[in-house]
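Chain residues, written in single-letter form:
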Amino acid sequence: MAEDGRTKKNKKKQGGLRTMPFILANEFCDRFATTGFNSNMITYLIQELRMPMVQASNAVTNFNGTSSFTPIIGGLIADSFAGRFWTITVGSVIFLFGMIGLTISAVLPGLRPTPCSPHKSKCKEASSRQLLVLYLCLLFTSIGSGGIRPCVMAFGADQFDLHRPRHAARRKWNFFNLYFFCMAMALLLALTVVVYVQENVGWGWGFGIPAIAMFFSVVAFVIGYPLYIRMKPGGSPLVRLTQVLVAAFRKRKVVKPDDPSPLYENKELDAGISTAGRLLHTNQLVFLDRAAIMVEGDTLSSGQPRLWRLSTVHRVEELKSIIRMIPIWAVGILLVTANSHNHSFAIQQARSMDRHLTARFQIPPASMNIFSALSMLLGLAFYDRVFVPVACRFTKRPSGITYLQRMGIGLAIAIFATVAAALVEIKRKAVASDHGLLDKQKVTVPISVFWLMPQFAIHGLAEAFMSVGHMEFLYDQAPESMRSTAAALYWLAVSIGNYMGTLLVILVHNFTEKKGDWLQNNINRGKLDYYYWLVSGLQVLNLGYYIICAKFYTFKPLEVAKAENPSKVVDDEGSVREAELTIVVARDAKDAGSSAQL
């Protein structure tokens, strides 16, 4: 139901495609602003604040990790009490304050080290006070992202009846494809316009432009308030999950019945968290079923359950669903770890290579990520317009393939991205050696920067499969009342992946420092290609792990009620038809990745 209890007549005037410009504009500007300074932050930290390369690389990945961790908190807040609209609004304002602070820090001379002559071998690094200002601004943007990222996708999905098969089947463009398409467009614009401004105009405007864009996105999002369907929060999912664990532990010695039918059910209690249908009992993780066994003292005199002693089957299955999702959710972590070098080491590689398009124009190093964005855009278009229709002829599924299959294809493609990175680095160092440039790190190596294009493009294609499939899996398999939290899990995987990238860099640096440092400031003398081979091997192991998890995954069973008796109803297109009888749908591998077929 809507938060303000609007009538059905008024609700017909809410939601739908008319809300997408307001909602996706907010996500677009968040990604535009984040990418605008994140993609080239390694340059800002090394050239403007004069950090060592390893420290700067870790600062970038730590920032990415924090920005992707805060969404789990934002998702819980939205699902518990604040609702998605207000969580997005407050998060956007906090993000805007952070962007304004970054712009000011880039403009005021006192917040940066004094200018340094390029002929000096060592320049003064940023002071602790200057770094503190920078980190506080980045913290504000990270907290703001925590309100935006987990809620925009779920809030956008709220505007459609995506769980209704006829409604979903009429969508010519899959909602999740549209969501990631907008993200890729934001990346593309940021990597061209913003990065060019940072490199050729100045960092003040380079940070200022994303801040201005974020201001207008906040205004646009709030203006769309009357058009939105605003779902009422279902209460803290974390509390419900904890209640199930506590109740199951308390009854750990209670004998579980062989027949699940006596387990406690309460449709009225679960009505607010199961509007699309209740979860059905499964024969996995049966220890948790004890939480739904009713014993003396589990209910009040009014008949209502003591929720720390007794849970419904639906609530038990909510916890089971989350636990079953974790192994597959975790595979996205290493993909992010493998990609983290595209914002650090790959940028330094590009800076050492010939970046001329014309005699006077050079491609900014950070703009190499444009090939990832372009590849993702083209990959999404190809997937939706070519791949799915062709696959449908063979699989007979509306989605062509399941989201688990889509994720597997993305993971396999991603391996070739790091393999390409290793091969190109071998070539780049060979050219540097042939021209006697191994010890001249500030001299351009005479090899075109476009040699780096394959690794970026392959990674973008992998994202078009893996990231979209990953988000769709989390949204579909998460309990209905935890959709914001499910989206936050996606960003949590990104967060852990970035922290893993930092850990991997630290471990590699420490273990190789005394035996030919792989990751030294002079990348011509380093062994960056060894690092890429290491990441490639980890990705092969990750793919094998995923195949095993996907093979044994059990999809959530969902009861879907349509109408108790055949009658005349009005469908989504306004035509009168016969209502169908109440039936039960169990999600299995056959219909995973598409709407439930009734």
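Bear in mind that the values here come from a model prediction, so they are computed numbers and not experimental data. (Residues numbered from 1 in each chain as written. Predicted model: local features only at pLDDT ≥ 70, side-chain atom pairs only at ≥ 80, totals over all residues. Heavy atoms only, no water.)

## Section: the overall build of the protein
And step 1. The secondary structure content of the protein amounts to 19 helices and 6 strands.
And step 2. Of all 598 residues assigned to the protein, the portion counted as buried reaches 55%.
And step 3. By sequence separation, contacts in the protein at least 24 residues apart represent 81% of the contacts at least 6 residues apart.
And step 4. For the protein, the accessible area works out to roughly 26,300 Å², and carbon and sulfur atoms hold 65% of it. (Helix = DSSP H or I, 4+ residues; strand = E, 2+ residues; numbered from the N terminus. Buried < 20%, exposed > 50% of the residue type's maximum accessible area, 1.4 Å probe, protein only. Contact = heavy atoms within 4.5 Å. Areas by Shrake-Rupley, 256 points an atom, 1.4 Å probe, with all protein chains shown as cover.)

## Focus on the pattern of salt bridges
And step 1. In this structure the tally under the stated criterion is 12 salt bridges.
And step 2. R240 is the partner of E318 in a salt bridge, and the nearest nitrogen-oxygen pair spans 3.2 Å. Residue E318 is found in helix α12 (residues 313-329), and its partner R240 is found in helix α10 (residues 237-250); the two are separated by 78 residues along the sequence. Side by side, E318 and R240 carry an identical accessibility label, which is buried.
And step 3. Here the salt bridges share partners, and the residues they tie into one network are K251, D298 and R309. (Salt bridge = Lys/Arg side-chain N within 4 Å of Asp/Glu carboxyl O.)

## Some points on the confidence of the model for the protein
And step 1. For the protein, the average pLDDT comes to 80, and 88% of its residues sit at 70 or higher.
And step 2. Segment residues 165-170: pLDDT under 50, and 14 contacts once partners within four positions in sequence are set aside and those in other chains are kept.
And step 3. Scored below 50 in pLDDT, residues 563-598 makes 82 contacts in the model with residues more than four places away or belonging to other chains. (pLDDT = per-residue confidence, 0-100.)

## Here we look at the packing of aromatic side chains
And step 1. Evaluation of the coordinates by the stated rule reveals 27 aromatic pairs.
And step 2. Taken together, a centroid distance of 5.3 Å and an interplanar angle of 20° make the contact between Y383 and F387 stacked. One end of the pair, Y383, and the other, F387, are both in helix α15 (residues 370-395), 4 residues apart, so they sit about a helical turn from each other.
And step 3. Between the aromatic rings of W518 and Y530, the centroid separation amounts to 5.4 Å while the plane-to-plane angle is 85°, which identifies the pairing as edge-to-face. A residue pair is termed long-range when its members are at least 10 positions apart, and W518 in the loop between α18 (483-512) and α19 (528-551) and Y530 in helix α19 qualify at 12 residues. (Phe/Tyr/Trp six-rings, centres within 6.5 Å; stacked < 30°, edge-to-face > 60°.)

## Section: the nonpolar core
And step 1. Counting residues in hydrophobic clusters, the biggest one holds 152 residues, and the most contacted among them are L45, Y179, F180, L404, M471, F473 and Y531.
And step 2. Per element, the largest residue contribution to this core is 13 residues, and it comes from helix α8 (residues 175-200).
And step 3. Looking at which domains feed residues into this core, each of domain 1 (13-115 + 123-235) and domain 2 (237-319) supplies at least three.
And step 4. Once residues lying within four places of it in the same chain are set aside, the contact partners of Y531 are H341, F345, L504, V505, V508, W518 and L519. (Core = buried A, V, L, I, M, F, W, Y, C linked by side-chain atoms within 4.5 Å. Domains from an automatic or database assignment.)

## Examining the side chain of T312
And step 1. One can find T312 in the loop between α11 (267-270) and α12.
And step 2. Given the relative accessible area of 1%, T312 is considered buried.
And step 3. Not counting chain neighbours up to four residues away, the residues in contact with T312 comprise Y264, E265, N266, L269, D270 and A292.

## Topic: a nonpolar patch on the surface
And step 1. Taken together, V93, F97, I100, I104, V107, L108 and F140 make up a surface patch of nonpolar side chains, about 590 Å² in accessible area.
And step 2. Counting residues per element, the nonpolar patch draws most heavily on helix α5 (residues 84-107), at 5 residues.
And step 3. As for its placement among the helices and strands, V93 is situated in helix α5. (Patch = residues over 30% accessible without salt bridge, like charges linked within 9 Å, V, L, I, M, F, W, Y side chains within 5 Å.)

## Some words on helix α17 (residues 453-477)
And step 1. Under the 1.5 Å per step criterion, the end-to-end length of α17 is 36 Å for 25 residues, consistent within 8% with the ideal 36 Å.
And step 2. Along α17, the largest kink reaches about 35° and is centred on E463.
And step 3. Burial analysis of α17 places 20 of its 25 residues in the buried class, the great majority of the element. (Expected span 1.5 Å × (residues − 1). Bend = angle between axes of the 7 residues up to and from the residue.)

## Notes on unusual backbone geometry
And step 1. Of note, L285 is a non-glycine position whose phi angle comes to about 50°, a positive value.
And step 2. The phi angle at K396 is positive, at roughly 65°, despite the residue not being glycine.
And step 3. For K396, the location among the structural elements is in the loop between α15 and α16 (403-434).
And step 4. Its relative accessible area of 67% is what places K396 among the exposed residues.

## Observations regarding the packing of α5 against helix α6 (residues 128-158)
And step 1. For the pair α5 and α6, the least separation of the axes is 7 Å and the interaxial angle reads 150°. Our classification of the angle between α5 and α6 gives roughly antiparallel. Remark: the crossing between α5 and α6 carries left-handed chirality.
And step 2. Taken together, the residues of the contact of α5 with α6 break down into 18 nonpolar, 10 polar and 2 charged. (Axes fitted to C-alpha atoms, helices over the stretch in contact; angles between N-to-C directions. Parallel < 35°, antiparallel > 145°, perpendicular 65-115°, else oblique. Left-handed = near helix turned anticlockwise from the far one by under 90°. Nonpolar A, V, L, I, M, F, W, Y, C, P; charged D, E, K, R; others polar.)

## Some words on the environment of L503
And step 1. Relative to the elements of secondary structure, L503 occurs in helix α18.
And step 2. According to the relative accessible area criterion, L503 is partly exposed, its value standing at 43%.
And step 3. When the C-alpha atoms of L503 and N62 are compared, they prove to be 9.8 Å apart, with 441 residues separating the residues in sequence.

## Thoughts on the packing of α15 against α17
And step 1. The N-to-C vectors of α15 and α17 enclose an angle of 45°; their axes lie 7 Å apart at closest approach. Here α17 runs oblique to α15, going by the angle between their axes. In the crossing of α15 with α17, the sense of the turn from one axis to the other is right-handed. Residues F371, S372, S375, M376, G379, L380 and Y383 of α15 pack against M453, F456, A457, H459, G460, L461, E463, A464, F465 and V468 of α17.
And step 2. The residue inventory of the contact of α15 with α17, partitioned by class, reads 11 nonpolar, 5 polar and 1 charged.

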